[in-house]
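Coordinates in review
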Amino acid sequence: MAPAENAGLLSEVDGTLQGHRDGHGFLLPDVGAQDIYLSQQEMHAVMHGDRLRVRITRYDKRGRPEGRVLEILERKKKPIIGRLLLESGIWLVAPEDKRMGQDILIPKNGIANAVAGQVVAVELIEPPSLYAQPVGRVVEVLGEIDDPGMEIEIAVRKYEVPHRFSAETLAQAAKLPEKLRAADLKGRIDLRDVALVTIDGEDARDFDDAVYCEPHKQGRGKTAFTGWRLLVAIADVSHYVKPGDPLDGDAYERATSVYFPRRVIPMLPEKLSNGLCSLNPHEDRLSMVCDMLVSESGEVQAYQFYPAVIRSQARFTYNEVAAILGNTHGPEAAKRRELVPHLLHLHEVYRALLAERHRRGAIDFDTVETQIVCDDNGRIEKIIPRTRNEAHKLIEEAMLAANVCAADFIEHSKHGSLFRVHEGPTPEKRVALQAYLRALGLGLSIGDNPKPAEYQAIAAATKDRVDATQIHAMLLRSMQQAMYTSANAGHFGLSYQAYTHFTSPIRRYPDLLVHRVIKALLVDKKYQLDAGKMNVPMPAKRPGRAAPIDPAKASTEIERWDVVGAHCSANERRADEASRDVEAWLKCRYMREHLGEEFAGTVSAVTSFGLFVQLDALFVEGLIHITELGGEYFKFDEVRQELRGERTGIRYATGAKVQVQVSRVDLDARKIDFRLVQESGEAKLVARAARDKAGLNARPLPATAEDELEQLLSRDRELKSVAKSARRGAAGRSRATASSVQPAHPVELARQVARKNQASKSSKASKAGKAAKVAEQPARKRR
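Just so we're clear, the structure is a prediction, and the values are computed from it rather than from any experiment. In this numbering scheme, every chain counts its residues from 1 along its sequence in written order. In keeping with the predicted nature of the model, local features appear solely for residues at pLDDT of at least 70, side-chain atom pairs appear and are counted solely at 80 or more, and the whole-chain, interface and lining totals rest on all residues. The side-chain quantities take in all heavy atoms of the structure and omit both hydrogens and water.

1. Regarding the overall build of the protein chain
- Each helix is a run of DSSP H or I of at least 4 residues and each strand a run of E of at least 2, with the numbering of both proceeding from the N terminus. A count of helices and strands for the protein chain gives 17 helices and 31 strands.
- The 783 residues of the protein chain split such that 47% are buried.
- When the accessible surface of the protein chain is split by element, carbon and sulfur atoms take 50% of a total near 40,000 Å². The buried label applies to any residue whose accessible area, calculated with a 1.4 Å probe on protein chains only, is under 20% of its type's maximum; exposed applies above 50%, and partly exposed to all values in between. We get accessible surface area from the Shrake-Rupley algorithm with a probe of 1.4 Å; when it comes to residues, only the shown protein chains can shield them.

In C-alpha cells, the structure reads:
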C-alpha cells in the first residue's frame, strides 16, 4: 500500500451520497478529489441524496478508497417520485430514481386517494435502517404513467427542478405594467427607427435578441476604416427584476430555463418571458445594446454599451432568412423586400466574423443534432435531424461578438462578475488523447500545451471518415466542462481570451447578473451581490473540481461571486440531465412499438461491455451487449476504442455498419437493447483484413486499399478452387467405393487435401533423405 493511501486510512470524510442502481453507492466528498465506494451492506440504512460522515477503511488494487458509514448528518427531505404497487396485500412505492436503491413501504392509511399503478410523490415517515425498509406516505398523486406529459412531471421532481413560482413572485409579476411608461424611457437611446429584427426558430416563443447591420466608413483616403456597424440589442430584464425582489429570488433558484419537447419550465413568469421582456415585432421594448464596429477582416475595432428603447421591425425564422439569402429574388424575399438589404449586410458581417473565427483557430465540430416531433398526446411522432443553416450561424456569430465585448468591458473595469470559462484538457486527458490519435495513425496530434487550432485541424482532417463521430467525441471528451466562475481563464473551445454570457437574460441568470454589472459600470457605480443568494445550499464537490465555497464562509466579494457561479453551473447541469431523461423516456416509449423489428445502424461508441449503435433511420441509440457479439472472448482496446475478438481477430470500431434487431426496452432504466443480426459486407471485409493483418494468413501487407481488396478476392478464389478440387476427388472416390457414402463438407475436404499434400511432402522428403544416405556411402569408402 502506498504511503499516501496508508495515511488516508481511518480518516473521516463528510459528503453527499450518490446511489447506484446496482445497490452500491459513492460518497461525493465536500473536500477531496476521490469518491469513496460504499458496499451494498453499507447502503442498507441510507439513501441517495443523504449527507453522511464516512470512514475510509481500505483501498482497492487501483488505489480507490472504500468506506464505512459512521454517521448520517442529514436526510434528504425532498419527496420521492415512484409508482404505487400492491404486492401480496402490501402497498409500496418503487422509486423512479433507481439510485434510491430501496422500495418504500406505504401503510394502508398512507396511500391517500391513489390507486395501484399510479405515479405518486412520497414523503418519508421512517428512514431505512439496517433491518427495515423505509416507510412513507403519499403526498401527491401525479396520475397514470401513460398520461400525456407524465414523463416531464416525473423529471422535474426527480431532478428537483423548481417548477412552481412562489405566490409572492406571481403577485409581483401581476403588478407589472402591460406597456412601457414614460418613466421607463428616461436615460435611454431611442432606436425605434432602426431596422432591428429578430431571427429565431419556428417554435420560439420568447425573443431576447434583435440584430441590425449597416456598412460603415470612417476617415478619408487610404487610412479610412471600412467595415460594418453591428448592433445587438438584448432584452433589458434587469429593469424589471431587481435584487432582493421575489422575482429575483425565484429566478436565482432556477438559474436557467429548462427545455423539454413541447414544454418549457421558464426562469421568469410568462408576463416577462413572453411579454414585457420579449422583443415582439412592432412593440416598444427596453433593451441593452452592444454597438460594435467590425472591420473587413472580422475584428471588432470598437464597441460601446448603452440602454435603449427599440421596436423590432419583423420576426424572422431561421429557414426564412436562409431562403432569402439563398435567393434574393424568390418569394420569401419578395414578402420582405424592404428588409432584404439589411439581411444582406448581416450576412456580410457574418462572413467577416466567420473568417476571423477560422484565423484564431476556434473549434467547430460538425455534429448532427436531432429534434423530437411529438403528436397531440406528447408521444414521439418522428425524430428528424436539426440542420444548422446560414441564418443559425449568422445569429451565433453576432451573439459571440457581443458576449466577447461584455467580457472585455468587465475585465478592463476590474469589476467582479461571472465569466464563462472553458478549460482545455487536463494532463491525464491530454495523454489519453495523444495515445488515441497515435493509434489511429492520422499523422496529427496535439502538443503538450494544446491549442484550439490543433483540435480544429484534427476535426477538419477527419470530418469525412467513417469514424469521424468517434474521433470528434474523443476530442470533446478530452476537454473540461464549461462553467461560470469569477476568475477569467478564457474559453478554450472558442479560442477567446475572455468570454461571458450577455445575450440571454430571459433564460439564464448569469446573463442577468452581467447586465447589472454593465449598467453599474456605465454610471461609475459598483454592483453588490445580494447577500440573500448566499442562503442557497451548494452542490457537492465533483471529482477534478475545486470544492465549492461554503456560502456561509464566503467573506470576500470574489468568494461570493464564486458561490453564485457554482450554483448556476450546477443548475445548468441539472437542467441538461432532466432534459436528457425526458428524451430518453420518450425514445424508449417510441421503440417499444418496434420490438422485434430490424434496422440498419452505425456503431456510435465502443465500450468494454458492448457497442452503442445509432439507428440510421430513427436516430435512436441502443446497446449491443458484448454477450450478443458471439461465442468468443472480446478484449476492449482503450487506446483504439475498439473491441477485438481473440480467436478470430474480428474488430468492432466506431463507424462500422451493422444490422440489428430491437430485442428489449426498459422504460424504467431508459435503456434500449439491440441484438446483432448480421454484419454488413463492409464490416466483413474489415474483419477479414484484421485477421490477415494479425498473421493468420502469411501474406505481405497490401500497400493500398485497392491492393488489400484484391488480396482478399484472390484468397477467396483460392479457397473456392481448393473446395472444388476436393469435391471432384470426393466424387471419384465415392463412385469407386459405394454410392451410398455421403460426400464430406467442402471445408473438411479442403482440410483433407491439405493433409494429403503435407503427407506427400513428408514422403518426398523421406525418400530424398534415403537417397542422400546411399550417395554418401561410396564417398566414405573413398576417404
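There is more to say after this.
2. What about the packing of aromatic side chains?
- Planes of paired rings set the category: under 30 degrees apart is stacked, over 60 is edge-to-face and the rest tilted, where pairs are Phe, Tyr or Trp rings (Trp by its six-membered ring) whose centres lie within 6.5 Å. Under the definition given, this model contains 10 aromatic pairs.
- A ring pair is formed by F305 and F409, whose centres lie 5.6 Å apart and whose planes are at 35°; its orientation type is tilted. Of this pair, F305 sits in strand β18 (residues 300-311) while F409 sits in helix α9 (residues 390-413), placing them 104 residues apart in sequence. The same class applies to F305 and to F409, which are both buried.
- Geometrically, the ring pair formed by F609 and F612 is edge-to-face, given 6.1 Å between the ring centres and 85° between the ring planes.
- Using a relative accessible area of 39% as the deciding quantity, one classes F609 as partly exposed.

3. Some thoughts on the state of the cysteines
- What counts as a disulfide here is a pair of cysteine sulfur atoms lying within 2.5 Å. For the structure shown, the criterion picks out 0 disulfides.
- For the unlinked cysteine C405, the closest cysteine sulfur is that of C290, found at 4.1 Å.
- For C405, a relative accessible area of 4% puts it in the buried group.

4. Looking at the side chain of S604
- Among the secondary structure elements, S604 is positioned in strand β24 (residues 598-607).
- Every residue pair with non-hydrogen atoms within 4.5 Å of one another is taken to be in contact. The contacts of S604, once residues within four sequence positions are left out, are Q470, F612, V613, Q614, E621 and T654.

5. Some points on the packing of helix α13 (residues 509-522) against helix α14 (residues 557-591)
- Whenever a helix is involved, its axis is fitted only over the stretch in contact; in every case the axis is a line through C-alpha atoms, and angles between N-to-C directions fall within 0 to 180 degrees. With their axes 10 Å apart at the nearest point, α13 and α14 run at an angle of 150° to one another. Classified by the angle their axes make, α13 and α14 are roughly antiparallel. Residue-level inspection shows Y509, P510, L513 and V517 of α13 in contact with α14, the latter providing W561, V564 and C568.
- The residue inventory of the contact of α13 with α14, partitioned by class, reads 7 nonpolar, no polar and no charged. An angle counts as roughly parallel when it lies under 35 degrees, as roughly antiparallel when it exceeds 145, as roughly perpendicular when it falls between 65 and 115, and as oblique in every other case. For this classification, the nonpolar set comprises Ala, Val, Leu, Ile, Met, Phe, Trp, Tyr, Cys and Pro, the charged set comprises Asp, Glu, Lys and Arg, and every other residue, Gly included, is treated as polar.

6. A closer look at the pattern of salt bridges
- Whenever a carboxyl oxygen of Asp or Glu lies within 4 Å of a side-chain nitrogen of Lys or Arg, that contact is scored as a salt bridge. Summed over the entire model, instances satisfying the criterion amount to 46 salt bridges.
- For D184, the salt bridge identified is with R181, shortest N-O distance 3.5 Å.
- Residue classification places D184 among the buried positions, given a relative accessible area of 4%.
- Judged by relative accessible area, R181 falls into the partly exposed class, the value being 48%.
- Its salt-bridge partner being D448, residue R430 comes within 3.1 Å of it at the nearest N-O pair. One end of the pair, R430, is in helix α10 (residues 427-440); the other, D448, is in the loop between α10 and α11 (452-462), with 18 residues separating them in the sequence.
- Classification of R430 as buried rests on a relative accessible area of 15%.
- Judged by relative accessible area, which is 61%, D448 ranks as exposed.
- Salt bridges linked by common partners bring E140, E153, R157, R164 and R263 together as one network.

7. What about the packing of helix α6 (residues 318-326) against α9?
- Interaxial distance between α6 and α9 falls to 7 Å at its minimum, and their mutual angle equals 105°. With respect to α9, the element α6 is oriented roughly perpendicular. Contacts between α6 and α9 involve Y318, V321, A322 and L325 from the former and A391, H392, L394 and I395 from the latter.
- By residue class, the composition of the contact of α6 with α9 is 7 nonpolar, 1 polar and no charged.

8. A word on the confidence of the model for the protein chain
- What pLDDT expresses is the predictor's confidence in each residue, scored from 0 to 100. Of the residues in the protein chain, 82% have a pLDDT of 70 or more, and the chain-wide mean is 84.
- Counting interchain partners and residues more than four positions distant, the pLDDT-below-50 stretch residues 540-545 has 18 contacts.
- Segment residues 733-747 is flagged for pLDDT under 50; beyond a separation of four residues in sequence, or across chains, it makes 8 contacts in the model.

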